[in-house]
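Topology and contacts: notes
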Amino acid sequence: MKKPRMAKKTLYQNTITTVIFLTIATVLAYLFFLASLNTTSVAFIYVLTVMLIARNTDGYVPGIVAGVIGVICVNVVFTYPYMKLNFNLDGYPITFFVMMMVSGITSTLTTQAKRQNEMLIEQEKLLMEAEKETMRANLLRAVSHDLRTPLTSIIGMSGTCLDESETLTKEEKREMIRGIHEDANWLLNMVENLLSITRIQVGETRVVTNPECLEEVVAEDLSRLKKRLPQIQIRVKVPDDVLMVSMDATLIEQVIINLLENSYYHSGVEDAIDFYVERAGSEVIFHIRDYGRGIEPERIGMIFDGAGTDPNKSGDSHKGMGIGLSICKTIITAHEGHIYAKNQEKGVEFVFTLPIGEEITDGE
């Protein structure tokens with residue numbers, strides 16, 4: 001199969017780049033020659049120019065052509081008799097051959113290195129796309145579980161209320177309505193999660209961030225969570241100094257709320273949850289720890305991939321945490337941070353980091 005012909009635009013770019021570099025090289029070589037009358041230094045300048053041309057053009061031809069022109073320039077411009085092409089000079093055939101070999105090898109190696117670098121970049125793009133596809137699959141699997149369970153519960157309880165309204169006691173009706181209310185709130189939280197993920201543009205690896213006051217973001221999170229779960233107990237500790245962190249505040253608030261809700265629903269105890277933030281160099285580290293039953297060691301490494309806590313326990317609408325944690329990972333990764341979970345002696349601790357970004361001083 002024939003190789004595709006080089007596009008005219010690329011050919012023009014290669015030609016212009018080669019002419020510009022050779023012109024600059026000739027001017028520099030002439031200045032060096034006037035200062036030292038050393039032809040060897042001139043030859044090195046042209047060899048370096050061949051490397052630069054090979055690096056900044058496509059294909060092998062520009063570098064090889066530059067090598068030939070460089071050898072001719074050394075002969076014509078910088079070797080006596082000047083401005084005459086003379087291949088009969090003593091030792092020049094060997095010099096010509098050596099310079100051509102050096103130029104050709106240099107051009108070839110530089111072009112190969114450039115192509116290998118382009119291949120590595122392409123492989124990284126493919127890996128990123130594969131990771132995105134995996135994340136989409138995990139998200140869909142988590143959605144199918146985490147949204148289906150509360151919907152089934154709502155349909156079942158509402159159907160019971162309608163069909164058996166005359167036989168149910170007032171307390172039983174109230175209990176069913178409370179269950180419907182809780183499951184509806186859970187569904188609302190899941191919808192907020194899905195809306196949050198749409199803020200991260202498809203194809204982008206980062207989100208648009210702005211410096212935000214850490215203490216204000218945490219206070220807003222706790223205020224929103226207290227309205228949803230008035231009974232939740234949280235011990236909070238943030239740095240005393242005013243700390244500005246580069247983030248998308250809405251997305252990070254969703255991460256914090258998801259992790260606090262997971263600790264509340266899945267710990268199995270009603271003990272207070274520890275939530276503290278610390279600075280470590282150029283990062284801010286968030287810790288959310290409960291004192292409950294923890295997570296099975298064989299599952300703790302998969303919970304951010306949509307695996308949830310226990311696929312066999314689906315009777316409770318709050319058992320599935322996969323969708324929330326999958327989105328948490330997506331958001332933190334988009335902020336160039338890290339997130340993980342680890343079992344403690346009692347309970348589990350969720351940790352995520354955010355780069356501080358550019359710091360703002362009082363004088364700015």
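Note: the structure precedes this text.
**Remarks on the sheet that holds strand 2 (residues 234-237)**
Strands pair in a sheet through their backbones, by hydrogen bonds, and they do so in one of two ways: parallel or antiparallel. Spatially, the 5 strands line up as an open sheet ordered 2-4-5-7-6, and their pairing is mixed. Looking along the sheet, the strands with just one partner apiece sit at the ends: strand 2 and strand 6 (339-343). The mean angle between the axes of side-by-side strands here comes to 20°, regardless of whether they run parallel or antiparallel. Here 7 bridges tie strand 4 (residues 273-280) to strand 5 (residues 283-289), and the two strands are oriented antiparallel to one another. Its bridge partner lying in strand 5, Arg279 is registered against Val284. Strand contacts of helix 7 (residues 214-228): strand 2, strand 4 and strand 5, with the helix running at about 170° to strand 2, the strand carrying the most contacts. Against the sheet, helix 8 (residues 249-266) engages strand 2, strand 4, strand 5, strand 6 and strand 7 (348-355), with an angle of about 175° to strand 7.

**Comments concerning the side chain of Ser263**
Assignment of secondary structure puts Ser263 in helix 8. Judged by its relative accessible area of 1%, Ser263 falls in the buried class.

**So, helix 7**
Given a rise of 1.5 Å per residue, 15 residues ought to cover 21 Å, and the 22 Å separating the end C-alpha atoms of helix 7 matches this to within 8%. Among the residues of helix 7, Leu214, Val217, Val218, Asp221, Leu222 and Leu225 are the ones counted as buried. Considered in projection along helix 7, the buried side chains sweep an arc of 130° and stay on one side of the axis. Facing away from the buried side of helix 7 by more than 90 degrees, the exposed set consists of Glu216 and Lys227.

Criteria and thresholds
- Residues numbered from 1 in each chain as written.
- Predicted model: local features only at pLDDT ≥ 70, side-chain atom pairs only at ≥ 80, totals over all residues.
- Heavy atoms only, no water.
- Pairing = 2+ DSSP bridges.
- Helix = DSSP H or I, 4+ residues; strand = E, 2+ residues; numbered from the N terminus.
- Axes fitted to C-alpha atoms, helices over the stretch in contact; angles between N-to-C directions.
- Contact = heavy atoms within 4.5 Å.
- Buried < 20%, exposed > 50% of the residue type's maximum accessible area, 1.4 Å probe, protein only.
- Expected span 1.5 Å × (residues − 1).
- Arc of directions from axis to C-beta.

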